[in-house]
Amino acid sequence: ENQIPFDYAPNSMMTNAHVQGVVKAKNGNMLTVTQRGQTSEFIIDSKTMIDTGADGAMSDLKPGKAVFIRANKGADGALTANNITVEKNGFKPVM
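Here we summarise the structure given alongside this text. Please read these numbers as outputs of a predicted model, since none were measured by experiment.

### Side note on the side chain of threonine 15
By the element assignment, threonine 15 lies in strand E2 (residues 12-25). Judged by relative accessible area, threonine 15 falls into the buried class, the value being 0%. Here threonine 15 is in contact with Asn2, Gln3, Val33, Gln35, Phe42, Val67, Phe68 and Ile69, once residues within four sequence places are set aside.

### Some details on the pairing of strand E6 (residues 66-73)
In this structure, E2 lies alongside E6, joined through 7 bridges in antiparallel fashion. Its bridge partner being in E6, threonine 15 is matched across the sheet by isoleucine 69. Strand direction decides the pairing type here: E6 and strand E7 (residues 79-86), joined by 7 bridges, are antiparallel. Within the sheet, the bridge partner assigned to phenylalanine 68 lies in E7 and is threonine 85.

About the thresholds
Residues numbered from 1 in each chain as written. Predicted model: local features only at pLDDT ≥ 70, side-chain atom pairs only at ≥ 80, totals over all residues. Heavy atoms only, no water. Helix = DSSP H or I, 4+ residues; strand = E, 2+ residues; numbered from the N terminus. Buried < 20%, exposed > 50% of the residue type's maximum accessible area, 1.4 Å probe, protein only. Contact = heavy atoms within 4.5 Å. Pairing = 2+ DSSP bridges.

Right, dumping it as structure tokens:
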């Protein structure tokens, strides 16, 4: 579990963590994850790809599932997810 800068794009972050919860937000959905005792929130919008090794959906994001998240960090510090790989059928993303 970690959160570090990523070479995906300028200001991008890579997060390997476990889902804590998903809530509806005014601009889409908010995904909360924990890694090494730290909590991060990600904005999930219509451009966010959710990857399970097959087509994925918001319903795949459940508490306890392992996730790999690629995100951009905005000027305000908000993390917007670009792509999420989520554990499915016991197969976890590389952590």
